[in-house]
Amino acid sequence: MDTLLLARLQFATTAGIHFLFVVVTLGLVTLLVGLQTAWVITGKQKYERLTRFWGQLYVINYVLGIATGIVMEFQFGLNWSGVSRYVGNVFGAPLAIETLVAFFLESTFLGMWIFGWHRLRRGVHLALLWGVALTAYASAFWILVANSWLQNPVGYEVRDGVAHLTDFGALLTNPTFGMAFGHVVAASLLVGGMLMAAVSAYHLIRRTPDYALHRTSLRIGLVTSALAITLVQGFGFAQFGPVGAVQPTKFGAGDDAQATIAEWTAQFGPGDYTPPVLASVGLGFMILIGLTLGTLWLLLPLLFRDWIIRLRVPLWLILLAVPLPLVAVILGWLAREVGRQPWVAYGLLPVDQAVSPVGAPVMLVSLIGFSLLLGTLAVTNWVLMARHAVRGAHDPALGRPPGPSADVPTEPAFV
Amino acid sequence: MELAWYALLGLFFASYLVLAGYDYGVGLSLAGNADPGRRRAALNAVGPFFLGNEVWLVAAVGILFGAFPVLEGELLSGFYPIVLGALAGVILVTAGVQLRSRPAHERVRARWDRVVVVGSTLAALGWGALLAGLLQGVPRHADGHIAGLTHLLTPFVAAAALATVALVAVHGATFLTLRLPAADAAGAGRLARRLVPVAIAAVGAATVVGLLSARVRETAQRPALGVLLPVALVAALLVARVALARRRPGVAFAATGAALALPVVLVGATLWPYALVSTVDSGASLTVADAAASGPTLRLLGWLALPLVPALLGFQLMCWWVFRGRTDGRAPVYW
Ligand code: HDD
Ligand code: HEM
Ligand code: HEM
């Protein structure tokens, strides 16, 4: 196996796992902000309990977002040193901005939020969650600016074989960016909303005692998902125009694509410049899932007089549909990333020039090691999330008032 | 301009070692602690700071990529196995600390705690080895790439990595002395004091091995600063020991913190004006100026960093202030 293939596999694996967690983060944090704000404004206990329950699941999910994110960040230097060497002057800027503007504050705020219950004033505590949410959106914004630059390099000039930044504004108005950002944010909301609806549906099916609580979260989750799927479809179809215009080889083999390939052959020598079919397969199935999930709207009328709960079948449907948006998310990234092959930076830097000059055995060890490590952690994390989701909202550890508790029987230092 | 960014990079990496250093030190302390309640108390002493500590590493690598892209690629890929090990350690600690209390069974929690111990060890070994690797130079050839990985297998790298584990362990125990409820702090203080001589011995061993290594001697651009490093480390450790004996954990913590920050500063200064010194071709050494991003990128990031860095420090200070003092029954327990 060659180093390049291993490096690509490793990126695809870690990015895929990372994204499965960050879509949930981004979706849930938005809903959490709504819940905690409602609690602070209305003072209703119901919203406090919902905030704690969903906050707990959110925080468990967050762990793997960090763990996989750190691997992603190091991977550019480890496996793709050519990226830093040739296009780092431009591509590095949005990434650096992201870490400073977004991650740094996000984690600082989140630590204070987790440990701030019963210690900080309510307003301050709520402000911290708003801070977490805003910085999470900022991180999605800047990472997509960076990714969009790889899709369609703009605002640079090449001197001595190295790209230099000339126009930072162009990175923000990149045609591959705007609609993609909307699409990703809407997809996160869809994932978060469906997760919330599904966990609530589970408790309603099982008839756990917390009927009123889960009824509320079912409604919130379902309405959010319905609105989100429409946005997902809108931004999704809206991507075809701008992306197709700057990446002629991505969505098909028309005249534009042939002309572009002829140009590249002249400039970079002969080679295979058509992306693998995997990209279009991914695209097709994602759209299929997207159109199917459009039927979420049909469930909304059933909210009237709680028909959705009384009929039960809709609850089962919601529960079984949870994997769909997550699968779609991965398929979408396959379409986007595989569709730009064989380039790291489209039309500028081919993948084989970007990979680090590291031996294949080392790369293989790293691929297997990180896949096993992150895969195991991901599964463990999901099991823990599922257990906590099933356990229900009666006493989550998050936000539990200090003092003796059932969860910690022998605690001399704290009792 | 490049110097300012290099200093900022050093600041972030040094802060990471100081702050996450006590996370790892506390993580190591779990190994010798059989009582579940006390293990959990130790982790919750780190509690609200944990997430904010680790993110200094994320930011340091962000700065490395944004402001020194060439160095980023060469450093990380040239030190591949070391970075891999450190990274695996960081991930294990991250997951272990945050997930260990999710299961309710004490046995499962104990297993997670072992994960934390292993992760802390790997992280400390890895970052220590990275700094040592910088100090002994790299086989960077004229084509700009670092060839092979066997250059990392030296006694100096091993000795420095072990010394870093010892420093981190002292730092963590000192942190617990500062932060645990007064009744439990005495035990942590005794542990810290017992660890100080071990750390001094480890630093001494690394120094001897380093002085004996021709590669290290040739790589150092300012040997005087290089020699100052172990002297300063030992001095800091002695200050910590005296302060612990006099029950001044704040002073001791500052001293052990300095012991983790100093290596970054002094390694950077010893190599200056180079970031990577080549052992095979002196023309292939990478200067800090050559490693830096070009003017427009640095200017853009500079305008951004000017208001941002104070804001970042401000929010971290807020976190330390809000959760200052010793832990007690009033604080929620989450980790
Ligand atoms: C919940 C998940 C989800 C669903 C249901 C859909 N998508 Fe999507 N799609 C994504 C999640 C996603 C994504 C993972 O978020 C991607 C990957 C990159 C991106 O910008 O968004 C994506 C990429 C992506 C791309 C590739 C852009 C590029 O190559 O640069 C296109 C053209 C579409 N989507 C279009 C659609 C259409 C027309 C859909 C349905 C009607 C649809 N997507 C449903
Ligand atoms: C988080 C969601 C993402 C997923 C699921 C994803 C997926 C992938 C996949 C599948 C590949 C391998 C393509 C192939 O070679 O067959 C890849 C490669 C790559 N992606 Fe992404 N990607 C994501 C986000 C990003 C972002 C945000 C960036 C940039 C900041 C990025 C940069 C890269 C790079 C540098 C490569 C390696 C070069 C290549 O093989 O094309 N990816 N990614
Ligand atoms: C579209 C793709 C991506 C999105 C939307 C995204 C979003 C996020 C979000 C919201 C977080 C916060 C942690 C969490 O929510 O679980 C996060 C964490 C992280 N991500 Fe990504 N990310 C993407 C791709 C990447 C890539 C390509 C990198 C590599 C440079 C990366 C590096 C990181 C790092 C280092 C963290 C941990 C930060 C911390 O310690 O808080 N992410 N990401």
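Structure's up top.
Throughout this document, residue positions are counted from 1 along each chain, in the order its sequence is written. Key to labels: chains lettered from A, ligands numbered from 1, both in the order written. This being a predicted model, a pLDDT of at least 70 is required before a residue's local features are given, and a value of 80 or more before pairs of side-chain atoms are given or counted; all residues contribute to the totals for chains, interfaces and linings. Hydrogens are left out, water is left out, and the side-chain values use all remaining heavy atoms of the structure.

### Notes on the overall build of chain B
Secondary structure follows DSSP: runs of H or I at least 4 residues long count as helices, runs of E at least 2 residues long count as strands, and numbering of each begins at the N terminus. In terms of helices and strands, chain B carries 13 helices and two strands. Atoms counted for the radius of gyration: C-alpha only. Globule rule: 2.2 Å times residue count to the power 0.38. Expected size for 335 residues packed as a compact globule is a radius of gyration near 20 Å; at 20 Å, chain B falls within 12% of this value. The principal-axis extent of the C-alpha atoms belonging to chain B is close to 60 × 45 × 35 Å. Relative to all contacts within chain B whose residues are 6 or more apart in sequence, the contacts with residues 24 or more apart total 82%. Contacts are assigned to residue pairs that have any heavy atoms within 4.5 Å of one another.

### Thoughts on the overall build of chain A
For chain A, the count of helices and strands is 15 helices and four strands. Once the C-alpha set of chain A is aligned to its principal axes, its extents read approximately 70 × 50 × 40 Å. Method for areas: the Shrake-Rupley scheme with a 1.4 Å probe, in which residue coverage is limited to the protein chains shown. Surface summary for chain A: the accessible area is close to 16000 Å², and the carbon and sulfur share equals 69%. His residues and chain termini do not enter the charge count, which takes Lys and Arg as positive and Asp and Glu as negative. Where a charge sits is defined by one atom per residue type, namely NZ (Lys), CZ (Arg), CG (Asp) or CD (Glu). Averaged over its 23 positive side-chain charges, chain A has a centre that lies 20 Å from the centre of its 19 negative ones.

### Re the interface of chain A and chain B
The interface is formed by 77 residues belonging to chain A together with 77 residues belonging to chain B. Buried area between chain A and chain B, summed over both chains or domains, comes out near 6800 Å², and the portion from carbon and sulfur atoms is 76%. Any carboxyl oxygen of Asp or Glu that lies within 4 Å of a side-chain nitrogen of Lys or Arg is treated as forming a salt bridge with it. Applying the counting criterion to the chain A and chain B interface returns one salt bridge. The partner of A:R85 in a salt bridge is B:E74, with the nearest N and O atoms 2.6 Å apart. Two N or O atoms form a polar contact when they lie within 3.5 Å of each other; inside protein one atom must be a possible hydrogen donor and the other a possible acceptor, and for residues adjacent in sequence the pair counts only when both atoms belong to side chains. On inspection of chain A and its partner chain B, the count reaches 12 residue pairs in polar contact (both at pLDDT 80 or more). Taken together, the elements giving at least two residues each to the side of chain A that touches chain B come down to α2 (45-79), α3 (81-115), α4 (122-151), β2 (162-165) and α15 (360-391) of chain A. The dominant element in the side of chain A that touches chain B, judged by the number of residues it contributes, is α3(A), at 26 residues. Residue composition of the side of chain A that touches chain B, by class: 48 nonpolar, 22 polar and seven charged. A simple way to read buried area is as the amount of 1.4 Å-probe accessible surface that goes missing from two parts once joined, with both sides added. We call Asp, Glu, Lys and Arg charged. Ala, Val, Leu, Ile, Met, Phe, Trp, Tyr, Cys and Pro are nonpolar, and the rest, Gly among them, are polar.

### Digging into the coordination of the iron atom of ligand 2
The donor set covers N, O and S atoms within 2.8 Å of the metal, switching to 3.2 Å for Na, K and Ca, and it leaves out water, so a site may look short of donors. If you check the protein contacts of the iron atom of ligand 2, you find one donor only, A:E337 (OE), at 2.0 Å. Within the secondary structure, A:E337 is located in helix α13 (residues 323-338).

### Side note on the site of ligand 1
Residues and elements named next belong to chain A. Here a residue counts as near a molecule or strand whenever at least one of its heavy atoms sits within 4 Å of it. Ligand 1 sits among 25 residues. The nearest are H183, K250, M286, V329 and R336. Contacts to ligand 1 include H183, whose side-chain N or O atom sits 2.8 Å from a nitrogen atom. Interatomic distance of 2.7 Å between a side-chain N/O atom of K250 and an oxygen atom of ligand 1. A pocket, in this scheme, is an open set of points on a 1 Å grid over the protein atoms alone with protein on both sides within 12 Å along at least 5 of 7 lines, while a cavity is a set where a 1.4 Å probe fits but cannot get out; residues line either one if an atom lies within 4 Å of a point. Should more than half of a molecule's atoms lie within 2 Å of a pocket's or cavity's grid points, that molecule is taken to sit in it. Among the cavities detected, the one that contains ligand 1 is the largest cavity. Here the shell around ligand 1 takes seven residues from helix α7 (residues 211-246), the largest share from any one element.

### Points about the site of ligand 2
All names here are of chain A. As a structural note, the neighbourhood of ligand 2 is formed by 22 residues, with R8, W333, E337, R340 and Q341 the closest of them. R8 places a polar side-chain atom, nitrogen or oxygen, 2.3 Å from an oxygen atom of ligand 2. Residue Q341 places a side-chain N or O atom 2.7 Å away from an oxygen atom belonging to ligand 2. Elements that contribute at least two residues to the shell around ligand 2 include exactly α1 (3-42), α4, α13 and β3 (343-345). Element by element, the count of residues in the shell around ligand 2 is highest for α1, at six residues. Among the residues making up the shell around ligand 2, the classes are represented as 16 nonpolar, three polar and three charged.

### A look at a nonpolar patch on the surface
Patch definition: residues with relative accessible area over 30% and no salt bridge; like charges joined within 9 Å; nonpolar side chains (Val, Leu, Ile, Met, Phe, Trp, Tyr) joined within 5 Å. On the surface, A:V277, A:V281, A:F285 and A:L288 cluster together into a nonpolar patch covering about 400 Å² of accessible area. Positionally, A:F285 belongs in helix α9 (residues 278-293).

### Description of unusual backbone geometry
A cis amide bond links A:Q341 with the next residue in sequence, A:P342, at an omega value of 0°. Relative to the helices and strands, A:P342 is located in the loop between α13 and β3. For the bond running from B:W272 to B:P273, omega is 5°, close enough to zero to count as cis. When you line up the elements, B:P273 lands in the loop between α11 (249-271) and β1 (274-276). Positive phi values are uncommon outside glycine, yet A:D160 reaches one of about 50°. As for its position among the elements, A:D160 is in the loop between β1 (156-159) and β2. To sort residues, take the accessible area from a 1.4 Å probe on protein chains only and compare it with the maximum for the residue type: under 20% means buried, over 50% means exposed, and anything in between is partly exposed. A:D160 sits in the exposed class, given a relative accessible area of 81%. The phi dihedral of B:R247 falls on the positive side, at around 55°, and the residue is not glycine. What makes B:R247 exposed here is its relative accessible area of 65%.

### A closer look at the coordination of the iron atom of ligand 1
Residues and elements named next belong to chain A. The protein atoms that coordinate the iron atom of ligand 1 are H183 (NE2) and M286 (SD), at distances of 2.1 to 2.4 Å. Geometry assignment treats four donors as tetrahedral when all angles are between 85 and 135 degrees, treats four as square planar and six as octahedral when opposite donors are over 155 degrees apart and all others between 65 and 115, and treats everything else as irregular. The coordination sphere of the iron atom of ligand 1 comprises six donor atoms, whose angles at the metal cover 82 to 180°; the geometry is octahedral. Here the residue H183 occupies a position in helix α6 (residues 178-206), and M286 occupies one in helix α9, the gap between them amounting to 103 residues. There is no split in this pair, since H183 and M286 are both buried.

### Quick word on the pattern of salt bridges
Residue and element names in this part refer to chain A. Overall, the coordinates contain 11 salt bridges over all chains when judged by the stated rule. A salt bridge links R340 to E337, with the nearest nitrogen and oxygen atoms 2.5 Å apart. A relative accessible area of 18% places E337 in the buried class.

### A look at empty space enclosed by the protein
Residues and elements named next belong to chain A. Grid points are joined across faces, edges and corners, and a volume is the space filled by probe spheres set on the points. Using the criterion set out here, one finds three cavities of 30 Å³ or more in the structure. Of the pockets and cavities examined, the largest cavity occupies roughly 600 Å³. Residue assignment for the lining of the largest cavity shows that the elements contributing at least two residues are α6, α7, α9 and α13. Tallying contributions element by element places α7 first for the lining of the largest cavity, with eight residues.

### Comments concerning the nonpolar core
Residues and elements named next belong to chain B. By size, the foremost hydrophobic cluster in this structure holds 264 residues, and its most contacted members are F68 and W127. Those residues in contact with F68 that sit more than four places away from it in its chain are E2, W5, Y6, L9, I63, V288, A291, A292 and A293. Only buried residues count toward a nonpolar core. Its members are Ala, Val, Leu, Ile, Met, Phe, Trp, Tyr and Cys residues joined through side-chain atoms within 4.5 Å. Within the second largest apolar cluster, seven residues are counted, among which are A240, A243, L244 and A255.

### Section: the side chain of A:Q36
Along the chain, A:Q36 falls in helix α1. Dropping the residues within four chain positions of it, A:Q36 is found in contact with A:T51, A:W113, A:H125, A:L126 and A:L129.

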